[in-house]
Amino acid sequence: MPLSLMIARVLRLLLAAGALSGLVLGALWWSGKPPKETQGIWITNGYGLVFEISPVSIAIHEITPVSCIPWQTMPAQMGMVRRLAGYTFTAQGDDLSIAVADAIDDMRAYRVDALPDQCVNGRPAGPLETFDIFWRTFETHYPNFARYGVDWDARRDEAMAALAGNFDPKHLSDVMTHAVRDLDDGDIHLMTPSGDVSPHSPAPWDKDQRALWQVTDSYLTSERQFIETSGIRHGWLDGEIAYLGVHHMETEPPLGQTMASQAARVVDQLAALYADAKGVIVDLRFNAGGSDTVALTYAGLFSATDWPAGSKQTQITRGYMSPATAFYGRGSPQALTAPVMVLTSSETSGAAETYVMAVGELTQVSIMGAPTNATPSNIMVRTLPNQWQFTLPHQTYALANGTPVTQTGITPDISYPFDVEGFSNGKDTMLEAALTRLAQAR
């Protein structure tokens, strides 16, 4: 057969194979398109988002009463959206439930006929408009002004006067930073070319975490170990007490899996390692949070069954919260039954507080240390028209008995201050006190 004919035959075969593959992929893609009942335009209750769902794409916009900023656009292949973006949509009439991977509650949205006017007829935003979007986002979603005694309306008037005639970007950044002063909330951040600024002042010792860990680790009677996918360092104390230093409430799962699924594997690993422990110390003194689902899964190391851990509400608009959503600790069949001491500090924050809320309901667990930071919440991330970003919390939490987690944080069962002087002398006095308590409990 002439070479030219062989090449032509091969090309025809390749083209046919490509066309067949394209048809198969197209069929798979089409079978994963959004169901008709989920297609349309949806505005969330709280969260400040608009979902625009069509057969071919899903577009998400961040909105305030005066702005609409495109945030994400993704192909409308629901399997891909679920596995890679973490969204699952369930529609019932004009109501939409949006489950988000590693979130303990669903977003709720309602159907509208068209995009909000600000999404269609938006105008370019200068410094005054940019600050107004910043201000209105807090006005709509931030629930803690009364906690810190801040008059947010007055802050707007003050900022607008300061911006008059001076539109320098550095000045705008300074005005925004000044507007959130006194909101001593670690979940508030403003990210500009000048850097990342927060009104929260962490404890002075927080910057010395690694040096303090070394003091604590000197008490270990086994080699210190790390679980790299979770940020947990661990080992034995006195050969009988397990020590778990939990740095954050996040994991690194394989692509397409949730952080909570990886957390469950971590729980299984720890349960196997410390099945014979006579007691456990969980150190959250430096834990700034992460994912609630990871926290609630980690809590299951000490319970074989699920249990009520607390509830949360989302601010929909100023003065109006969503109904409370209960959340639960996630039991593990391999749960440890030994007595547990959980160590806390003023820097125990966010999802670490969710963990404290959960394990505080278990009879074999005692909390020792200082009150927590009082900042449990999902974090809302927003982008301004000039591409600066900022974050804020938009939810409130309550213990399982309904007691709000207020400005004073979660009160420990056993009060013990963070002993900076002890650490400087090579002593972790809180750890020593926890060991003494566990010895008395045995």
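For the structure, check the block above.
Residues numbered from 1 in each chain as written. Predicted model: local features only at pLDDT ≥ 70, side-chain atom pairs only at ≥ 80, totals over all residues. Heavy atoms only, no water.

So what's going on with the overall build of the chain? Which residues, and what values?
A count of helical and extended segments in the chain gives 13 helices and 22 strands. Over its C-alpha atoms, taken along the principal directions, the chain stretches across nearly 80 × 75 × 45 Å. Across the 442 residues that make up the chain, the buried fraction comes to 48%. Of the roughly 20,800 Å² of accessible surface on the chain, 55% is carried by carbon and sulfur atoms. Averaging the coordinates of the 29 positive side-chain charges in the chain and doing the same for the 46 negative ones gives two points 7 Å apart. (Helix = DSSP H or I, 4+ residues; strand = E, 2+ residues; numbered from the N terminus. Buried < 20%, exposed > 50% of the residue type's maximum accessible area, 1.4 Å probe, protein only. Areas by Shrake-Rupley, 256 points an atom, 1.4 Å probe, with all protein chains shown as cover. Lys, Arg positive; Asp, Glu negative; His and termini not counted. Charge placed at Lys NZ, Arg CZ, Asp CG, Glu CD.)

Give me the lowdown on the packing of helix H4 (residues 127-141) against helix H7 (residues 169-179), citing residues and values where you can.
Axis separation between H4 and H7 bottoms out at 11 Å; the angle between their running directions is 25°. With respect to H7, the axis of H4 lies roughly parallel. As H4 runs across H7, the sense of the crossing is right-handed. Touching Pro 127, Thr 130, Phe 131 and Phe 134 of H4 are Leu 172, Val 175, Met 176 and Ala 179, all from H7. (Axes fitted to C-alpha atoms, helices over the stretch in contact; angles between N-to-C directions. Parallel < 35°, antiparallel > 145°, perpendicular 65-115°, else oblique. Left-handed = near helix turned anticlockwise from the far one by under 90°. Contact = heavy atoms within 4.5 Å.)

Summarise unusual backbone geometry; cite the residues concerned and give the values.
In most cases, non-glycine residues show a negative phi, while peptide bonds are predominantly trans. Not every positive phi belongs to a glycine, and Asp 182 is a case in point at roughly 75°. With respect to the helices and strands, the residue Asp 182 is situated in the loop between H7 and strand S8 (189-192). Phi at Ala 374 is positive, roughly 65°, even though this residue is not glycine. Within the element layout of this structure, Ala 374 appears in the loop between strand S18 (365-369) and strand S19 (379-383). Exposure remark for Ala 374: the relative accessible area of 3% places this residue in the buried category.

An account of the pattern of salt bridges is needed here, citing residue identities and associated values.
Pairing between side chains becomes possible if they bear opposite charge and their charged atoms approach one another. For the structure shown, the criterion picks out 14 salt bridges. Salt-bridge contacts for Arg 318 lead to Asp 153; the nearest nitrogen and oxygen are separated by 3.6 Å. Of the two residues, Arg 318 sits in the loop between strand S14 (307-317) and strand S15 (320-321) while Asp 153 sits in helix H6 (residues 152-163), which places them 165 residues apart along the sequence. Exposure remark for Asp 153: the relative accessible area of 37% places this residue in the partly exposed category. (Salt bridge = Lys/Arg side-chain N within 4 Å of Asp/Glu carboxyl O.)

Account for the side chain of Asp 185, naming residues and giving values.
Structurally, Asp 185 can be placed in the loop between H7 and S8. It turns out Asp 185 is buried and unbridged, and the closest side chain with the opposite charge, Arg 147, is 5.0 Å from it. Within polar-contact distance, the side chain of Asp 185 engages the backbone nitrogen of Asp 187 at 3.0 Å. When sequence neighbours within four positions are dropped, the list of residues in contact with Asp 185 reads Tyr 142, Asn 144, Tyr 148, Ser 198, Pro 199, His 200, Thr 375 and Pro 393. (Polar contact = N/O pair within 3.5 Å; in protein donor to acceptor, adjacent residues only side chain to side chain.)

Tell me about a nonpolar patch on the surface, residues and numbers included.
Nonpolar side chains collect at one region of the surface, where Met 80, Leu 84 and Leu 255 lie side by side and expose about 340 Å² of accessible area between them. Assignment of secondary structure puts Met 80 in helix H2 (residues 78-85). (Patch = residues over 30% accessible without salt bridge, like charges linked within 9 Å, V, L, I, M, F, W, Y side chains within 5 Å.)

Account for the sheet that holds strand S11 (residues 232-237), with residues named and values stated.
Spatial strand order, S10-S11-S12-S13-S17-S18-S22: seven strands in an open sheet with mixed pairing. Looking at strand neighbours, the two that pair on one side only are strand S10 (225-227) and strand S22 (414-415), the edges of this open sheet. Pairing geometry for S10 and S11, over three bridges, is antiparallel. Looking at the pairing, Gln 225 lines up with His 234 of S11. Across the sheet, helix H13 (residues 429-441) is in contact with S11, strand S12 (241-246), strand S13 (279-283), strand S17 (340-344), S18 and S22; its angle to S17 comes to roughly 160°. (Pairing = 2+ DSSP bridges.)

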